[in-house]
Number of protein chains: 2
Amino acid sequence: MTDWTQMTLAGFQRGLSRGEFAPLDWWRACRERIDALEPTLQAWECQAPEPAITAPDGVKPGQSLFGIPVGIKDIIDTARLPTTWGTRGYHRVAQSDLDASIVTELARLGALPMGKTVSTEYAYFQPSKTRNPHDPTRTPGGSSSGSAAAVAAGMVPVALGTQTVGSIIRPASYCGVVGFKPTHGTLGVAGVKALAPSLDTLGWFTRHLEDSRTLFRALTGSPPIRTLTRLDGVRVGLCQVPSTHSPSPETATALKGAGEKMAALGADIGTAELGASFDELVAHQRVILAYEATRALASERERFGALMSSPLLALLDEGQNLTLATYWQARQATERARIELSQQLAERFDVLLAPSAPGAAPEGLASTGDPIYSRAWTLLGVPCVNLPLHWTPLGLPVGVQLIADRYQDQRLLSIASALMP
Amino acid sequence: MTDWTQMTLAGFQRGLSRGEFAPLDWWRACRERIDALEPTLQAWECQAPEPAITAPDGVKPGQSLFGIPVGIKDIIDTARLPTTWGTRGYHRVAQSDLDASIVTELARLGALPMGKTVSTEYAYFQPSKTRNPHDPTRTPGGSSSGSAAAVAAGMVPVALGTQTVGSIIRPASYCGVVGFKPTHGTLGVAGVKALAPSLDTLGWFTRHLEDSRTLFRALTGSPPIRTLTRLDGVRVGLCQVPSTHSPSPETATALKGAGEKMAALGADIGTAELGASFDELVAHQRVILAYEATRALASERERFGALMSSPLLALLDEGQNLTLATYWQARQATERARIELSQQLAERFDVLLAPSAPGAAPEGLASTGDPIYSRAWTLLGVPCVNLPLHWTPLGLPVGVQLIADRYQDQRLLSIASALMP
């Protein structure tokens, strides 16, 4: 019997072309798994009906996603499934005008929608109902809670996520899956509910790193990404922004382990001291988030303010009280930091190795955990990938993230391949 | 009798507070003017019903737009008016889920929607039905065709526009009104149909430059913008990107006149030689536009492709054939040019003086004219204002634009005030 959790996207394509699988096989296996686990995990806002099967037309070999089940975060518009934007139903649209462009692109490549995965309210901090597959008393992280949990639980091999603060990398770390946030603006966000457009980045979760390479190639129409077995000459900078916080011992262990593994593969490991101006990026990210969110959700607040959670209202109040000058200063500081980071990376490091989260998924469902270690990277727009390389004695995953300069997404995924063959 | 075309936003607020006007007076005068001129000009996609009047609550003095009639470009969502995105009806939504955030913000400030102004198809090049108020056989420019024409004809004192290529500055020049494009990202674009998010900039048209200062203050919650009567010590760089094109004699005359006027007010006029790398920005803008538009309108093309105009389909085809590498190269070149422009401006010039369009509005309605002189500035995200300072012997307006570095919007409007008291 096929172990679908071990299946890769490329493996399924090969099996399909050899006639070993029918196009709906994986989708149906996912549906069974969802039926079994959903009562506990609550990763889905709604499920799609069994799709009609049409082989994609004009898709290049290596870019087909024919028959691949995909979870779609519920802040992404779908014309044939309802969208709630994580609002616990107070803002629900039974049928959007059009699919988000990423949904159209996935359909063009032959992927099959599995349903809408649970998001926190407008992709901010108010926790959702979803539970962590490794311990249902813990948060899966947020805001892409359902996507991370569904992929981790084997309910679906791929799910779309978005990151505005730390909403891909943190839940990927807590759920023990690969999470990839491309360079800001790589994938179009038409039809994705905006929280803070300068920060909002569309990405995804997969069980296998190989699948993230496959997706990158398919969704961007790029050449195949080279895999590496050795890292000789690759310069790795250990890094933590803000430097003023200390991660938990489990995160420190995960980082140490990843660094040793990279060194054993031939990489040169150094320490990236980015300095105090990078610590300030955390505050700048908060300013840009609050300022833009207040404007992006102005109409939602007008209509649904009485039903919004207190964390969201606090963010929107914060943004209302910020001046344009403060917002512009944060943007200018970001631009300076981008230039400085590019210089430092060009001179000293190919990738940075950094914590994905302060520790393993915290207990309880009252918080989605702390996105502190993603704020600066999201602000800078750099590509980040969470690698689930460490597990605590309790069986909880603790990820690390690799980070590259903007536009180095393929190089980043190539270097990561040595760590997760 | 009040000459409403001479009325300023601040003047109306003063009159209101003194009881000289009733809140609906201006709105009703606009409706009469629209009734008289709309059969010829065709600036409106639909008109709003007479609004209920509620004085805005909690708006600071100087930021109120109470009773100000505003035209809303028809690519901007309105919950109570239909939206067609300029598609000649093939993509019409009778009621959007929510107002665009700018519409909510205008309502909060007390402004009154006058209706939706005609846009070209998805704010690209396919001409609309609107005619130039100064000569109905000529184009008003595009894509904000209806907004520019409506303000020029006195149908409304303010109309929202967007610029992705040259859609505010060019129609403002052709119609003889003030057009203002703020620094990219200054106003939130939630609910504004995306064409190319890196470029899409929300701005406006007014008859009076003072009204653009009032709007900037109201919509950004900023302090008042200082007016100038002299320009002593202000450094002005005459500039034309691309340098490879020659504007018409009428545009050259407009530029010369503006430069002389600034010099007479004490400004130091020099020539900004930005070099060949800036000429290349025109090509980079085309790449980013095509790449992003293809992704932004993927679902629209899927659904309405058979009904789309050939210019739009050509753009979407162009974008489909671009690689991610080409797109990223264009973005990186843009980032380098931004740094270089900031350096040059800091060292040498406070503002640049440049053509708004190659000449006066061209004859006929088969084209909206050439946006060539806006492509680089839109790409760079800098604030631009069109000033209607010159008129041809035929009575056609020819604007010039003043341009400042990003985040210098208030300084730009301040310097412009000396030219249009």
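Relevant structure appears above.
Here the structure is a predicted model, which means the values were calculated and not measured.

Trainee: Now, about helix α1 (residues 9-17) of chain A: what can you tell me, with residues and values included?
Mentor: Residue and element names in this part refer to chain A. With 7 of its 9 residues buried, α1 lies for the most part within the structure. Among all positions in α1, only L9, A10, G11, F12, Q13, G15 and L16 are buried. Residues of α1 that are buried sit in contact with α2 (25-41), β4 (158-163) and α6 (209-220). Just past α1, the residue G19 takes up positive phi, approximately 80 degrees.

Trainee: Residue-level account of the relation of the copies chain A and chain B, with values.
Mentor: Once chain A is rotated about the relating axis by 180 degrees and shifted along it by 0.0 Å, it coincides with chain B to within an RMSD of 0.0 Å. Taken together, these values place the two copies in the relation of a two-fold axis. Of the residues that chain A buries at the interface, 98% are likewise interface residues in chain B, meaning the two copies contact each other through the same surface.

Trainee: So what about the sheet that holds strand β6 (residues 201-206) of chain A? Which residues, and what values?
Mentor: All names here are of chain A. Spatially, the 11 strands line up as an open sheet ordered β1-β3-β2-β4-β6-β5-β10-β11-β9-β7-β8, and their pairing is mixed. At either margin of the open sheet sits one strand with a lone partner, and together these are β1 (44-47) and β8 (268-271). Ignoring strand direction, the axes of neighbouring strands in this sheet form an average angle of 30 degrees. Note that strand β9 (residues 351-355) and strand β11 (residues 397-403) share 4 bridges and pair antiparallel. Bridge pairing links A354 to Q401 in β11. Of the strands in this sheet, β4, β5 (178-181), β6 and β10 (384-391) touch α6, which is tilted by about 140 degrees from β6.

Trainee: Tell me about the sheet that holds strand β8 (residues 268-271) of chain B, residues and numbers included.
Mentor: All names here are of chain B. Taken in spatial order, the 11 strands make up an open sheet running β1-β3-β2-β4-β6-β5-β10-β11-β9-β7-β8, and their pairing is mixed. Edge positions in the sheet fall to β1 (44-47) and β8, since each has one partner strand and no second. Adjacent strand axes in the sheet meet at a mean angle of 30 degrees, parallel and antiparallel pairs treated alike. Inspection of the sheet shows strand β5 (residues 178-181) paired to strand β10 (residues 384-391) by 3 bridges, in the antiparallel sense. Bridged to G179 within β10 is N386.

Trainee: Residue-level account of the packing of aromatic side chains, with values.
Mentor: Here the structure, examined in full by the defined rule, presents 25 aromatic pairs over all chains. What links up through ring pairs into an aromatic cluster is the set W328 of chain A together with F180, W204, F216 and Y407 of chain B. In this structure, R295 of chain A is placed above the aromatic ring of Y291 of chain A, and the distance from its NZ or CZ to the ring centre is 3.7 Å. If you follow K193 of chain B out to its NZ or CZ, it ends over the ring of W85 of chain B, 4.7 Å from the centre.

Parameters at a glance
- Residues numbered from 1 in each chain as written.
- Chains lettered and ligands numbered in written order.
- Predicted model: local features only at pLDDT ≥ 70, side-chain atom pairs only at ≥ 80, totals over all residues.
- Heavy atoms only, no water.
- Buried < 20%, exposed > 50% of the residue type's maximum accessible area, 1.4 Å probe, protein only.
- Helix = DSSP H or I, 4+ residues; strand = E, 2+ residues; numbered from the N terminus.
- Contact = heavy atoms within 4.5 Å.
- Least-squares fit on C-alpha atoms with pLDDT ≥ 70 in both.
- Pairing = 2+ DSSP bridges.
- Axes fitted to C-alpha atoms, helices over the stretch in contact; angles between N-to-C directions.
- Phe/Tyr/Trp six-rings, centres within 6.5 Å; stacked < 30°, edge-to-face > 60°.
- Lys NZ or Arg CZ within 6 Å of the ring centre and 35° of its normal.

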